[in-house]
Amino acid sequence: MEAPPMRTPRNPMTQKTQPIIPHLVVDNASAAVEFYVKAFGAKELRRQPAPNNPSKLLHAELELNGGRVMLCDDFPEMRGGKASTATALGGSPVTIHLTSESAEQLFNQAVKAGAKVLMPFADQFWGSRYGQIQDPFGLSWSLGTPEKPLTDDQLHKGAQQAMTAKA
């Protein structure tokens, strides 16, 4: 299998990037790129296959809703044999949040593309329409559309009601 060409060569020292970029480690980074393109409308900016195993990616970079996400395949052999994907670790305490005016549409696209619903998309006490999914690679994503600004008092009362209802 011939390795795909590198895309968008750049010098990171001369090109401005966003100040914080999630870097995801997954099994089958090529499939993850395809999922994020299909589920969230991400645009693939760069792909660098591993020299000795072109089916694995050393690096990929996506543009997603105006921001960047980097990802790579897991290379346990570089970490003393320890896998580091969310699936291998039994999950992750990190949730990646995506704010969009079309969050509900993206949520539904992601579910259709194979994501598992963790929290149905619905109106929330903090004034957003919001939901959570888990992608096929074990990573959690929250998606939200801000609907209305609330005062601190309204947020406090809403949180009390929501937490009381859960207890």
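Residues numbered from 1 in each chain as written. Predicted model: local features only at pLDDT ≥ 70, side-chain atom pairs only at ≥ 80, totals over all residues. Heavy atoms only, no water.

1. So, the environment of Leu-24
Tracing the chain through its elements places Leu-24 in strand S1 (residues 23-26). Among the residues examined, Leu-24 registers a relative accessible area of 7% and is labelled buried. Between the alpha carbons of Leu-24 and Ala-86 there is a distance of 9.1 Å; along the sequence they are 62 residues apart. Those residues within four positions of Leu-24 in sequence are excluded, and the remaining contacts are Tyr-36, Val-69, Met-70, Leu-71, Cys-72, Ile-96, Leu-139 and Trp-141. (Helix = DSSP H or I, 4+ residues; strand = E, 2+ residues; numbered from the N terminus. Buried < 20%, exposed > 50% of the residue type's maximum accessible area, 1.4 Å probe, protein only. Contact = heavy atoms within 4.5 Å.)

2. Here's the deal with unusual backbone geometry
What is expected of a backbone is that most residues other than glycine have negative phi and most peptide bonds are trans. Its identity is not glycine, yet Asn-28 carries a phi of approximately 65°, on the positive side. Following the sequence through the fold, Asn-28 ends up in the loop between S1 and helix H1 (29-40). One non-glycine residue with positive phi stands out, namely Asn-65, at about 55°. Along the chain, Asn-65 falls in the loop between strand S3 (53-64) and strand S4 (67-73).

Any link to function would need more than the numbers given here.
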